[in-house]
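Here is what each chain is made of, one letter per residue.
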Amino acid sequence: MGNIYKILDASAFIGGYQVEDNLNYTVPEITSEVKDLKSKIYLDQIISEGKLTIKSPQEFYINKLIEIIKTSGDELRLSYPDRQLLALALEINDYKDNILFLTDDYSIQNVLKILNIPFQSIMTEGIKGVYNWVKTCEGCKKEYSSDYEEELCEICGSKIFKRRIKN
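Quick caveat: nothing in here was measured; it's all calculated off a predicted structure.

> Explanation requested: helix H5 (residues 80-95) in the structure shown.
Residue pairs spaced three or four apart in an α-helix point in one direction, given the helix's 3.6 residues per turn. With 16 residues, H5 should reach 22 Å at 1.5 Å per residue; the first-to-last C-alpha distance of 23 Å fits that figure. Buried residues of H5: Pro81, Asp82, Gln84, Leu85, Leu86, Ala87, Leu88, Ala89, Leu90, Glu91 and Ile92, and no others. Here the buried face of H5 lies against strand E1 (5-8), strand E2 (24-26), helix H2 (28-31), helix H4 (59-72), strand E4 (99-102) and helix H6 (106-115).

Right under this line is the structure:
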């Protein structure tokens with residue numbers, strides 16, 4: 001099977017995932033999401049031991065990811081660090097044979113299913129299916145594009161929320 005290159009979300013460190021080799025990657029933004037003392041000490045330790053590579057993704061992969069998540073509606077749910085991690089996964093997936101993404105984040109897992117990149121949960125069961133997201137008015141049920149920035153419906157004035165739809 002060969003080497004398995006792992007992409008680590010903050011939940012890997014917080015959930016106690018034990019790094020055993022030097023085939024592990026994360027993005028700089030994730031290091032600031034690890035806040036509890038025990039996890040922070042562990043993160044610092046594996047960085048100093050050379051077991052974790054901290055790398056920002058290339059712009060090409062960020063743009064590729066943005067196009068993909070626009071179609072699924074996941075751009076509504078992913079934070080900047082989430083996007084960076086997913087773009088890094090796309091990049092590493094292009095250069096390495098086997099990758100595994102370690103995360104408990106359901107939105108990230110949803111995109112990974114779309115990208116056909118394997119993932120593993122640390123503390124949760126993980127998602128079963130792929131879902132898309134759409135902005136919808138609570139009142140009249142009008143659907144809006146993901147780039148619609150208003151919080152209230154232009155027709156009836158009701159609040160707009162993000163609704164999950166099965167893919």
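> I would appreciate a short explanation of a negative patch on the surface in the present structure.
A surface patch of negative charge is lined by Asp147, Glu149, Glu150, Glu151 and Glu154. Among the secondary structure elements, Glu151 is positioned in the loop between strand E7 (143-144) and strand E8 (160-166).

> Before we go on, may I ask you to explain the environment of Asp9 in this structure?
Note on placement: Asp9 falls in the loop between E1 and helix H1 (10-14). Placed 21 residues apart in sequence, Asp9 and Ile30 show a C-alpha to C-alpha distance of 6.6 Å. Excluding anything up to four places from it in sequence, Asp9 contacts Ile30, Glu33, Leu85, Phe101, Leu102, Thr103, Asp105 and Ile108.

> Sorry, what's going on with the sheet that holds E2 here?
Pairing within the open sheet is parallel, and its five strands lie in the order E3-E2-E1-E4-E5. Looking at strand neighbours, the two that pair on one side only are strand E3 (52-54) and strand E5 (119-120), the edges of this open sheet. As paired elements, E4 and E5 share two bridges and run parallel to each other. Looking across to E5, one finds that Leu102 is bridged to Gln120.

> It is not clear to me how H6 should be interpreted in this structure. Could you clarify?
Where burial is concerned, most of H6 is hidden: seven out of the 10 residues are buried. Those residues of H6 that sit buried are Ser107, Ile108, Gln109, Asn110, Val111, Leu112 and Leu115. You can read the cap of H6 off the contacts: a side-chain oxygen lies 2.8 Å from the backbone nitrogen of Ser107, and it is on Asp105. The positive-phi residue at the C-terminal boundary of H6 is Asn116, with phi of around 60 degrees.

> When you look at the pattern of salt bridges in this model, what are you seeing that I'm missing?
Opposite charge on two side chains permits them to pair, given that their charged atoms come into close proximity. One pass over the full model with this rule turns up five salt bridges. A salt bridge links Asp21 to Lys6; the shortest N-O distance between them is 3.2 Å. Within this pair, whereas Asp21 is found in the loop between H1 and E2, its partner Lys6 is found in strand E1, the two being separated by 15 residues in sequence. The exposure class assigned to Asp21 is partly exposed, which follows from its relative accessible area of 27%.

What counts, and at which threshold
Counting of residues starts from 1 at the beginning of each chain's written sequence and follows it residue by residue. Local features in this predicted model are restricted to residues whose pLDDT is 70 or higher, and side-chain atom pairs enter the listing and the counts only when it is 80 or higher, whereas totals over whole chains, interfaces and linings include all residues. Hydrogen atoms and water are omitted, and side-chain values are computed over all heavy atoms in the structure. Secondary structure follows DSSP: runs of H or I at least 4 residues long count as helices, runs of E at least 2 residues long count as strands, and numbering of each begins at the N terminus. For a helix, the expected span equals 1.5 Å multiplied by the number of residues minus one. Burial status follows relative accessibility: with a 1.4 Å probe on protein chains alone, a residue under 20% of its type maximum counts as buried, one over 50% as exposed, and anything between as partly exposed. Only heavy atoms enter the contact rule, under which two residues are in contact if any of them lie within 4.5 Å. The patches reported here contain residues having more than 30% relative accessible area and no salt bridge. Joining distances are 9 Å for like charges and 5 Å for nonpolar side chains (Val, Leu, Ile, Met, Phe, Trp, Tyr). Every accessible area reported is derived by Shrake-Rupley at a probe size of 1.4 Å, with residue values counting cover from the shown protein chains alone. By convention in these notes, a salt bridge is any Lys or Arg side-chain nitrogen within 4 Å of a carboxyl oxygen on Asp or Glu. In this charge count, Lys and Arg are treated as positive and Asp and Glu as negative; neither His nor the chain ends contribute. Taken as the charge location is NZ of Lys, CZ of Arg, CG of Asp or CD of Glu. A pair of strands is considered paired only if DSSP assigns at least 2 bridges between the two. Polar contact criterion, stated in full: a pair of N or O atoms within 3.5 Å, where within protein one must be able to donate a hydrogen and the other to accept it, and residues adjacent in sequence count only if both atoms are side-chain atoms.

Scope: geometric values only; no functional claims are made or implied.
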